[in-house]
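Coordinate analysis (summary)
Residues per chain are reported as follows:
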Amino acid sequence: MQETATLNNSFKSEEYFINMGPQHPATHGVLRLLLTIDGEIIKKVEPDLGYIHRSIEKMCERDSYQQIVHLTDRMDYLSSHINNEAVCLTVENALELEIPDRVKVIRTIIGELTRIASHCLWWGVMGMDVGALTTYFYGFRDREMINDIFEETCGARLTMNYNVPGGLMWDIHPNFIKRVKEFIVHFKTKIPEYDKLLTGNVIFQKRTKGVGVLSKEDAISFGVSGPVARGSGYSCDVRKYHPYSALDKVTFNEVLETDGDTFARYNVRIKELWESLSIIEQLIDNIPEGEHRVKTNAVIKLPKGEFYQKVETARGELGVYIISTGTKNPYRMKFRSPGFSNLSALNHMAVGGKIGDLVATMATLDLVIPDIDR
Amino acid sequence: MTNEALQILISEWFPNPEFEIKSESVDIDREEKESEIEESVNPSLLEFTEEGSQFLNVLVKPENLHELMNKLKINSETSLDYLFCLTGVDWGAELGIVYHLESTKHRHNIVVKVKTKDRDNPTFDSVCDLWRTAEFHEREVFDFFGINFNNHPNLKRLFLTPEWDGFPLRKDYVDEINMVIK
């Protein structure tokens, strides 16, 4: 039976190219992947980048430090607050400014809210990528509450620009504490729903377990960071190793999984939701009184030297590297974006799998293309 | 490891041959001249500085780059296995790369810099074989600074189209249409 099937099979096995993107729902933006495939098996994935490259690093060389802050939330727009914070921290450290505790605590609370909002969106889209459309609505419903809080306090929902070098643009809205507490109560009942709906789903587990495996050694070699690296058992949380703002005052666990597959990365993010809630709970009742901003010169000039600051965005380690010659503009500004390094590991993770697995793997890489293209 | 300990360890890997010759030849009036020599000739081929940076900075000559990086990674005392940032820089007269390294075992950092005066055909050895993350980062540097890398498996433009003229992040790049000069 089998022999006749082989004899009659006139199809040859042949490698060929196929384009995935730049307009593809699973690439979540304008990312083009050149796939070399043999049947359904992936032989090579080559990302083609630059569709929305704006050369932010070059623009920074002509901008003042206050202006640069506004450019950074156009990189990883889902972690906009944390991106702003990274630049502000670099500038503040370079100027050796003493930042009030109130600012540090508010920055950390909003940073963790940003992380939850980003993970909610990721969770919704993750389900959608593997064929469970309902999650999209659940994720966006809960993210909406956070966006409303942001709108009230920061005046914007996505690209908030709430940070300025020296503190915050303005103080928090009187409703802020009340609404954050309401959100915590609400969201604690929703994460178990997430688990019921998707985490325990048999089809979902079959799509994700053992798919897109990345070992710990490879994770370090590829410079992978954030939940992707922690899914491979690589302990790299910047919040733990290089705490900034008020993160040294709170206790939380770094979530680690050891399997390194898509399901492990998924679990890391779900558990991080609980940790972020815990951080906010520890801080929300203890926002110190004080100024929301310290005065800086209208024209900020950094001293001559090199300054590096890393923060943990929802995607991983964002590094801001400024080379200053003592003028009002940076001589060279580099953003080490987490998505760029995470994407570089995609080929390694996807080869040997099927196209459907590639979609699942990409969903847990949680790529934001402007973060890669900068 | 502290920065001082790192500096002592790493500087011994690349002794400066000139320093040894000079210190041998001046045996007679050694006491007088020793301090002078130490100031003028660096005992190591590497230059260390911590000025204006929170990390220990090492400046290495292009020909020693790959050997140094390899040692930094495999030596069990340094064990700098995490290349978290690779930056191309145009210093005006010189083009160069800044490597930010961290050890996931010891949690210490080091910054390695390499520079060249050759602006027409700047070339360094690739460190892709040591850290795979360098593959993308070096392509980005090639794209924006026109710096070539020996032994890179796939050196071509990453963000820009292949027919793009010039290297935008160089300081002398001119583009009258797309750049707004303030």
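Residues numbered from 1 in each chain as written. Chains lettered and ligands numbered in written order. Predicted model: local features only at pLDDT ≥ 70, side-chain atom pairs only at ≥ 80, totals over all residues.

The number of helices and strands found in chain A is 16 helices and eight strands. Relative to the compact-globule value of 21 Å for 374 residues, chain A shows a C-alpha radius of gyration of 22 Å, a close match. Sorting the 374 residues of chain A into buried and exposed places 50% on the buried side. Long-range contacts, defined here as pairs at least 24 residues apart, represent 71% of the contacts in chain A between residues at least 6 apart. (Helix = DSSP H or I, 4+ residues; strand = E, 2+ residues; numbered from the N terminus. Rg over C-alpha atoms; globule rule 2.2 N^0.38 Å. Buried ≥ 20, exposed ≤ 12 C-beta atoms within 10 Å, placed from the backbone. Contact = placed C-beta atoms within 7 Å.)

Moving on, we get to the overall build of chain B. Scanning chain B for helices and strands turns up five helices and seven strands. A separation threshold of at least 6 residues defines the contact pool for chain B, and within that pool the share at least 24 residues apart is 53%.

With that settled, the discussion passes to the sheet that holds strand 3 (residues 41–48) of chain A. Residue and element names in this part refer to chain A. The strand order across the open sheet built from three strands is 1-2-3, with neighbouring strands paired in antiparallel fashion. Every other strand in the sheet has two partners, leaving strand 1 (15–20) and strand 3 as the edge strands with one partner each. Geometrically, the sheet is characterised by an average inter-axis angle of 20° between neighbouring strands, direction not taken into account. Examined bridge by bridge, strand 1 and strand 2 (residues 32–38) share six bridges and lie antiparallel to one another. Residue pairing for strand 2: Met 20 is matched across the bridge by Leu 33. (Pairing = 2+ DSSP bridges. Axes fitted to C-alpha atoms, helices over the stretch in contact; angles between N-to-C directions.)

Further remarks concern helix 6 (residues 134–154) of chain A. Given 3.6 residues per turn, any residue in an α-helix points the same way as the ones three and four places further on. Residue and element names in this part refer to chain A. Relative to the 30 Å expected for 21 residues at 1.5 Å per residue, helix 6 spans 30 Å between its end C-alpha atoms, a close match to the ideal helical length. For helix 6, the set of buried residues is Thr 135, Gly 139, Asp 142, Arg 143, Met 145, Ile 146, Ile 149, Phe 150, Thr 153 and Cys 154. Packing partners of the buried residues in helix 6 comprise helix 5 (101–129) and helix 7 (176–199). Just past helix 6, the residue Gly 155 takes up positive phi, approximately 90°. (Expected span 1.5 Å × (residues − 1).)

Each side of the interface is counted separately: chain B has 24 residues, and chain A has 27 residues. Taken together, the elements giving at least two residues each to the side of chain B that touches chain A come down to strand 3 (82–90) and helix 5 (134–145) of chain B. Here the element with the most residues in the side of chain B that touches chain A is strand 3 of chain B; it accounts for six residues. Class assignment of the residues belonging to the side of chain B that touches chain A gives a composition of 12 nonpolar, seven polar and five charged. (Nonpolar A, V, L, I, M, F, W, Y, C, P; charged D, E, K, R; others polar.)

Let us now look at helix 4 (residues 80–95) of chain A. Residue and element names in this part refer to chain A. Its 16 residues give helix 4 an end-to-end C-alpha distance of 23 Å, which sits within 8% of 22 Å, the value for a rise of 1.5 Å per residue. Here helix 4 lies mainly inside the structure; 14 of its 16 residues are buried. Phi turns positive, to about 55°, at Glu 96, one or two residues after helix 4.

On to the UniProt feature "domain: NADH-quinone oxidoreductase subunit D" (unreviewed entry) in chain A, then. Residues and elements named next belong to chain A. According to UniProt, the feature "domain: NADH-quinone oxidoreductase subunit D" (unreviewed entry) maps to residues 129–298 and 300–374 in the numbering used here. Between the C-alpha atoms that bound residues 129–298 there is a distance of 47 Å. The span itself is 53% helix and 2% strand. Split by type, residues 300–374 is 37% helix and 28% strand. Its first and last C-alpha atoms lie 24 Å apart. (UniProt positions renumbered as here; feature names shortened; annotations may be inferred.)

Residues and elements named next belong to chain A. The antiparallel open sheet is built from three strands, whose spatial order is 6-7-8. Of all strands in the sheet, those with a lone pairing partner are strand 6 (305–312) and strand 8 (332–336), marking the two edges. Strand-to-strand, the axes of this sheet are offset by a mean angle of 10°, without reference to chain direction. Both strand 7 (residues 317–324) and strand 8 contribute to a ladder of five bridges, which runs antiparallel. Within strand 8, the residue paired with Gly 319 across the bridge is Arg 336. Along the sheet face, helix 4 touches strand 6 and strand 7 and points at about 145° away from the line of strand 6.

Here the focus is the packing of helix 6 of chain A against helix 7 of chain A. All names here are of chain A. Following both chains from N to C, one finds helix 6 and helix 7 inclined at 170°, their axes separated by 11 Å at the closest point. Overall, the two elements helix 6 and helix 7 adopt an arrangement that is roughly antiparallel. Residues Thr 134, Thr 135, Tyr 138, Asp 142, Met 145, Ile 146, Ile 149 and Thr 153 of helix 6 form the contact with helix 7, whose participating residues are Phe 176, Arg 179, Val 180, Phe 183, His 186, Phe 187, Lys 190, Glu 193, Tyr 194, Leu 197 and Leu 198. Tallied by class, the residues present in the contact of helix 6 with helix 7 amount to 11 nonpolar, four polar and four charged. (Parallel < 35°, antiparallel > 145°, perpendicular 65-115°, else oblique.)

This part is about the UniProt feature "domain: NADH:ubiquinone oxidoreductase 30kDa subunit" (unreviewed entry) in chain B. What UniProt calls "domain: NADH:ubiquinone oxidoreductase 30kDa subunit" (unreviewed entry) maps, in this numbering, to residues 59–173 of chain B. The span residues 59–173 of chain B shows a helical share of 19% and a strand share of 29%, and its end C-alpha atoms are spaced 26 Å apart.

Residues and elements named next belong to chain B. Notably, Ser 79 is not glycine yet its phi reads approximately 45°, a positive angle. Its location among the elements puts Ser 79 in the loop between helix 4 (65–74) and strand 3. The backbone phi angle of Asn 151 is positive, close to 65°, even though this residue is not glycine. Relative to the helices and strands, Asn 151 is located in the segment after strand 7 (148–150).

For the rest of this paragraph, the subject is the packing of helix 5 of chain A against helix 15 (residues 355–365) of chain A. Helices that pack against each other are described as a pair by the angle of their axes relative to one another and the distance between those axes. Residues and elements named next belong to chain A. Here helix 5 crosses helix 15 at 180°, and the two axes come no closer than 9 Å. As far as their axial angle goes, helix 15 and helix 5 are roughly antiparallel. Where helix 5 abuts helix 15, its residues Val 125, Met 126 and Asp 129 lie against Val 359, Ala 360, Ala 363 and Thr 364. For the contact of helix 5 with helix 15, a count of residues per class yields five nonpolar, one polar and one charged.

Residues and elements named next belong to chain B. Here Lys 156 is to be found in the segment after strand 7. Overall, the presence of 9 C-beta atoms within 10 Å leaves Lys 156 in the exposed class. Remark: the alpha-carbon pair of Lys 156 and Glu 138, spanning 18 residues in sequence, is separated by 9.7 Å. Those residues in contact with Lys 156 that sit more than four places away from it in its chain are Arg 139 and Pro 162.

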